Amino acid sequence: MIRNKKAMLFCSQMILAGALITGAPCLASGDNGETSVFGSSDTNAEDEVSDLSGEGQIHKPASLNAPDFTSDPNFVDDSTDNTYGYYTIMGTTTVSLAQMTSQYNAHGSEYPSASLKEGGAETIDDFCTIILEEANAEGVRGEVVFEQAMLETGWLQYGGDSGISQYNFAGLGTTGGGVQGVSYPDVRTGIRAQVQHLKAYACDESLNQDCVDTRFNMVQRGSAPYVEWLGQQENPNGGGWAVGANYGEKLLKLLSDLKEE
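The present account deals with the structure reproduced in this document. Quick caveat, the model's predicted, so the values are computed rather than measured.

## Structural notes on the pattern of salt bridges
So, point 1. Counting across every chain of the model gives 7 salt bridges.
So, point 2. A salt bridge links Asp77 to Lys259; its shortest N-O distance comes to 2.7 Å. Highlighted residues: Asp77 in the loop between helix H2 (25-28) and helix H3 (97-107) and Lys259 in the segment after helix H8 (247-258), separated in sequence by 182 residues.
So, point 3. Here Lys259 falls in the partly exposed class, since its relative accessible area comes to 29%.

Structure follows, in structure tokens:
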């Protein structure tokens, strides 16, 4: 009996030693496919999923679209339907993509395709489509985003403190004296930040998308629900987007011209 136990112990030790040396499959995984502490010989580098999205960039979520609300026969432009008759920033976009691109082309400025192509907007149609998608995602009127971008950048020609390669279309973070302001990795991110900053001024609702506006929390929420109040000098709450006089009036003139397209 003792001799048999010794023989069995010896055989067990030999089998274990052989398994450790050769890496026997029976110790690598079980019948149910679960991997043991020894790992699996089936894993290789090609099985790893690579992140090809581009570092720091965001892209159009599948759920976004650029609807033309004006094509609805029952569409009503409610942008000034309030006690003051002011132009509200939050709400449905009241112009079409064609109206936006038509106004841009009529202005006569050459679209900077070479500069914005790498950022994801090779044409003015691409640029305005991104505006409509991002504005719609947050419930901000797309025409307000568009006209503000045109006013702030001189119809995408720039010439101020910010450069076109920053994809900053609304002077976010610029304070004068050569301060360039915030830079973004692509056109969509820059427009999304602008939309989110407008929403911060216009209401106290939460964002629907991840925040890319690094200055979002610097705003007094809901202090400028109207285009007329975006200028600090005209804002009764003492805040506002821009320090220049008649900022809102300049935007209203552009909006009026846009709706005549």
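From this point, the narrative continues.
## Section: the nonpolar core
So, point 1. Ranked by internal contacts, the top residues of the largest apolar core, which has 57 residues, are Leu116, Phe127, Phe169, Val187, Ile191 and Trp241.
So, point 2. Broken down by element, this core gets its largest block of residues, 8 residues, from helix H7 (residues 187-202).
So, point 3. Excluding its chain neighbours within four sequence positions, the residues that come into contact with Phe127 are Tyr111, Leu116, Ala121, Met150, Leu156, Phe169, Val187 and Ile191.

## Comments concerning the side chain of Thr94
So, point 1. Topologically, Thr94 is positioned in the loop between H2 and H3.
So, point 2. The buried category is assigned to Thr94, whose relative accessible area is 6%.
So, point 3. Side chain to side chain, Thr94 and Tyr87 meet in a polar contact 3.4 Å long.
So, point 4. Beyond its immediate sequence surroundings of up to four residues, Thr94 is in contact with Thr70, Phe75, Asp77, Ser79, Tyr87, Arg141, Glu143 and Lys259.

## Overview of the environment of His197
So, point 1. You can see His197 is positioned in helix H7.
So, point 2. In this structure the C-alpha to C-alpha distance between His197 and Trp241, which are 44 residues apart in sequence, comes to 9.1 Å.
So, point 3. Beyond its immediate stretch of four places on either side in the chain, His197 contacts Leu172, Asp213, Arg215, Phe216, Val219 and Trp241.

## Considering the packing of aromatic side chains
So, point 1. Per the stated rule, a full pass over the model turns up 10 aromatic pairs.
So, point 2. With 6.1 Å between their ring centres and 75 degrees between their planes, Tyr104 and Tyr111 make a pair best called edge-to-face. Of the two residues, Tyr104 and Tyr111, neither departs from the other in class, the shared state being buried.

## Digging into the layout of surface pockets
So, point 1. Put simply, the largest pocket is a space of about 730 Å³.
So, point 2. In this structure, the largest pocket is lined by 32 residues; those nearest its centre are Glu152, Ala170, Gly171, Thr174 and Trp241.
So, point 3. Of all the secondary structure elements, the ones that give two or more residues to the lining of the largest pocket are helix H6 (142-153), H7 and H8.
So, point 4. Of all the elements, H6 adds the most residues to the lining of the largest pocket, at 3 residues.
So, point 5. Grouping the amino acids of the lining of the largest pocket by side-chain chemistry returns 13 nonpolar, 15 polar and 4 charged.

## Examining the environment of Thr101
So, point 1. Relative to the assigned elements, Thr101 resides in helix H3.
So, point 2. Sequence separation between Thr101 and Leu258 is 157 residues; the distance between their C-alpha atoms is 9.7 Å.
So, point 3. In contact with Thr101, not counting residues within four places along its chain, are Ile124, Asp125 and Cys128.

## Overview of H3
So, point 1. Restricting attention to buried positions, one finds in H3 the residues Gln99, Met100, Thr101, Gln103 and Tyr104.
So, point 2. Considering only its buried residues, H3 is in contact with helix H5 (124-138), H6 and H8.
So, point 3. Looking at the residues trailing H3, positive phi occurs at Gly108, about 100 degrees.

Reading the values: rules and limits
- Residues numbered from 1 in each chain as written.
- Predicted model: local features only at pLDDT ≥ 70, side-chain atom pairs only at ≥ 80, totals over all residues.
- Heavy atoms only, no water.
- Salt bridge = Lys/Arg side-chain N within 4 Å of Asp/Glu carboxyl O.
- Helix = DSSP H or I, 4+ residues; strand = E, 2+ residues; numbered from the N terminus.
- Buried < 20%, exposed > 50% of the residue type's maximum accessible area, 1.4 Å probe, protein only.
- Core = buried A, V, L, I, M, F, W, Y, C linked by side-chain atoms within 4.5 Å.
- Contact = heavy atoms within 4.5 Å.
- Polar contact = N/O pair within 3.5 Å; in protein donor to acceptor, adjacent residues only side chain to side chain.
- Phe/Tyr/Trp six-rings, centres within 6.5 Å; stacked < 30°, edge-to-face > 60°.
- 1 Å grid on protein atoms, 1.4 Å probe; cavity = no way out; pocket = protein on both sides within 12 Å on 5 of 7 lines; lining within 4 Å.
- Points joined across faces, edges and corners; volume = space filled by probe spheres on them.
- Nonpolar A, V, L, I, M, F, W, Y, C, P; charged D, E, K, R; others polar.

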